[in-house]
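# Chains, contacts and geometry: an overview
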Amino acid sequence: MKYTQLGRTGLKVSRLVLGTMNFGPQTDEADSHAIMDAALDAGINFFDTANVYGWGENKGRTESIIGNWFAQGEGRRDKVVLATKVYGNMGADGPAWPNHDKLSAVNIRRAVDASLKRLQTDYIDVYQFHHVDRATPFDEIWQAIDVLVQQGKILYVGSSNFPGYKIAQANEIAARRGGTIGLVSEQCLYNLAERRAEMEVVPAAQEYGLGVIPWSPLHGGLLGGVLKKEVEGKRRASGRAADALADAGTRAQIQSYEDLLDKHGIEPGEAALAWLLTRPGVTGPIVGPRTAEQLASAVRASELELSEELLTGLDEIFPGPGPSPEAFAW
């Protein structure tokens, strides 16, 4: 496994990030623990979760599964760079009770303590804002974060789903306050089929020294060989992939993608992950395996070297927006 620094920090993380969103809803606790053990064995040390994972009545369940795994000892917690998130309503489905969601100082304080309890740890390495809170000023957010850093409950702060201008705003206010390191990572939707992050988010992250952590690297399965699996009767597309394939143009695009990779003898899902690892500013994509084999496939992808011919072919099928601001200004 290869490692890199997380943005401008001294924190060393693996080029693959273990996503845990499936732990609980789709993967039971025993299998989740086995996947985390396999991830450590493969050298993956960066684990990502969120307080709301588990969803519905089971919000927090994923953090609890991770906490039970940490409790098994043998250095598990010390080996892991742990990232979780705050923003969502942790109560029953429906409108949140006032101050029980988003990024007010009171909710951040409450959410950190609840996550620490579920995770059975006394600190979080990277605490991430799951979404922009338009109602809370960054001065308040950073004041709350400063207290948590001083208490030793969190070490670094990242964002998720932030536009470029909010990354800039957050870090400019952090710099103005002094003593606050600001955002060190941005977790965003970014893959071959969805490259809009290259317009503003990735440039802003690079300018301010944030590591970019792409989520949904296979775009909901669309880039994972979905057409081949349909033909072989292994799995039918669902969710985002099925919606996309309903469009004839998209279906033809995905067929060209799979044909190109078949020509090069590379599995589509592995190529999609390997492509992200070639992108400027990317720390590592989040992989969310439901099985040990899916994890093994992701590890193989981290070792792939894509030829210039293949990279050119991928750009022809999935052209990016081009450099900013020229892509939208001229």
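Residues numbered from 1 in each chain as written. Predicted model: local features only at pLDDT ≥ 70, side-chain atom pairs only at ≥ 80, totals over all residues. Heavy atoms only, no water.

### Let's talk about the environment of Tyr127
Within the secondary structure layout, Tyr127 lies in strand S6 (residues 124–129). Classification of Tyr127 as buried rests on a relative accessible area of 0%. Linking Tyr127 and Ala292, residues 165 residues apart in sequence, is a C-alpha distance of 27 Å. Here Tyr127 is in contact with Thr84, Lys85, Val86, Ile108, Ala111, Val112, Ile145, Ile154, Tyr156, Val157 and Gly158, once residues within four sequence places are set aside. (Helix = DSSP H or I, 4+ residues; strand = E, 2+ residues; numbered from the N terminus. Buried < 20%, exposed > 50% of the residue type's maximum accessible area, 1.4 Å probe, protein only. Contact = heavy atoms within 4.5 Å.)

### Notes on the sheet that holds strand S9 (residues 211–215)
Strand order in the open sheet formed by eight strands is S9-S8-S7-S6-S5-S4-S3-S10, and the pairing between neighbours is parallel. Strands with a single pairing partner mark the edges of an open sheet, and in this sheet they are S9 and strand S10 (286–287). Pairing between strand S3 (residues 17–19) and S10: two bridges, direction parallel. From the neighbouring strand, Val17 faces S10, where its bridge partner is Ile286. (Pairing = 2+ DSSP bridges.)

### Points about the nonpolar core
Counting 60 residues, the largest nonpolar core has Ile108, Tyr127, Phe129, Trp142, Ile145 and Tyr257 as the members making the most contacts within it. Leu82, Leu119, Val299 and Ala301 belong to the second largest nonpolar core, which has 21 residues in total. (Core = buried A, V, L, I, M, F, W, Y, C linked by side-chain atoms within 4.5 Å.)

### A look at the packing of aromatic side chains
Taken as a whole, this structure holds seven aromatic pairs when the rule is applied. Aromatic side chains Tyr53 and Trp55 sit 5.4 Å apart centroid to centroid with 50° between the ring planes, which places their arrangement in the tilted category. Taking relative accessible area as the criterion, Trp55 reaches 39% and is therefore assigned partly exposed. Through successive ring pairs, a cluster of aromatic residues spans Phe47, Trp69 and Phe70. Looking at Arg77, its charged tip hangs above the ring of Phe70, at a distance of 5.3 Å from the centre. The side chain of Arg77 reaches across the aromatic face of Tyr123, ending 4.1 Å from its centre. (Phe/Tyr/Trp six-rings, centres within 6.5 Å; stacked < 30°, edge-to-face > 60°. Lys NZ or Arg CZ within 6 Å of the ring centre and 35° of its normal.)

Any functional reading would require information that these geometric values do not contain.
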